[in-house]
Amino acid sequence: YYNQQGEESVFKNADAVFVLAFSTIMLNTDLHNPNIKNKKRMTRQQFIRNNQGINGGDNLPESMLNRLYSDIREQELQVQREIG
C-alpha cells in the first residue's frame, strides 16, 4: 500500500503499514475472542495509545484510528474458509 500511494500516503514508511496491520489483527482478536472478558477488552483509547509513534516516530491521524477501532468492533475480521 505504501509503495502504491507514495507521497500521498498518510503513512511515512512501509513499517508503519505493517505495524498497523499487526495492531489491527491484535485488536480484532481482543474484541472478538470469547475467552476475553468484556471488562478486559481493549478500549479505543488503549488502541490509540498502542499506535502512538508508529508512523516514523509520528502519530497516525486519530480520526483514522478511531474509525478503524469502530469498524473492527462492529464487524469482526474473518478468514473465509474453503469447503472441500
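See the structure above.
The numbering scheme is per chain: residues are counted from 1 as the chain's sequence reads. The model is predicted, so local features are restricted to residues of pLDDT at least 70 and side-chain atom pairs to those at 80 or more, both for listing and for counting; the totals for chains, interfaces and linings are taken over all residues. No hydrogens and no water enter the side-chain calculation; it runs on all heavy atoms of the structure.

Help me understand the nonpolar core in this model?
Generally speaking, nonpolar side chains in soluble globular proteins are found buried as a group. What we call a nonpolar core is a set of buried Ala, Val, Leu, Ile, Met, Phe, Trp, Tyr and Cys residues that are connected through their side-chain atoms within 4.5 Å. Any residue under 20% of the maximum accessible area for its type is buried, any over 50% is exposed, and the rest in between are partly exposed; the area is computed with a 1.4 Å probe on protein chains only. In this structure, L20, L27, F47, L60 and L65 are the most contacted members of the largest nonpolar core, which totals 13 residues. Mapped onto this core, the elements with two or more residues apiece are α2 (14–32), α3 (44–50) and α4 (62–74). Strands are runs of DSSP state E lasting at least 2 residues, helices are runs of H or I lasting at least 4, and numbering of each runs from the N terminus. When residues of this core are assigned to their parent elements, the largest contribution, four residues, is made by α2. The contact rule is simple, with two residues in contact once any of their heavy atoms fall within 4.5 Å. Leaving out residues up to four positions away in the same chain, F47 has contacts with L20, S23, L27, M42, L65, L68 and Y69.

What's the story with the environment of N55 in this structure? I'm lost.
Structurally, the position occupied by N55 is in the loop between α3 and α4. Sequence separation of N55 and N28 is 27 residues, and the distance between their C-alpha atoms is 21 Å. Filtering out sequence-adjacent residues up to four positions away, N55 remains in contact with V10, F11, K12, N13, A16 and L60. Reaching out from N55, the side chain makes a polar contact with the backbone nitrogen of K12 at a distance of 2.7 Å. Polar contact is defined as a pair of N or O atoms within 3.5 Å, subject to the rule that within protein one atom must be able to donate a hydrogen and the other to accept it, and that residues adjacent in sequence are counted only when both atoms are side-chain atoms.

Any chance you could explain α2 here in plain terms?
Structural remark: α-helix, 3.6 residues per turn; residues separated by three or four positions point the same way. A rise of 1.5 Å per residue sets the reference length of α2, with its 19 residues, at 27 Å; its end C-alpha atoms lie 27 Å apart and thus fit the reference within 8%. Among all positions of α2, only A16, L20, S23, T24, L27, N28, D30 and L31 are buried. Taken down its axis, α2 places every buried residue within 160 degrees of arc, on the same side. Away from its buried face, by an angle of more than 90 degrees, α2 presents the exposed residues D15, F18 and F22. Regarding α2, its N-cap is N13, as a side-chain oxygen of that residue lies 3.2 Å from the backbone nitrogen of D15 further along. Residue count minus one, scaled by 1.5 Å, sets the expected span of a helix. Our arc is simply the arc of the directions from the helix axis toward the C-beta atoms.

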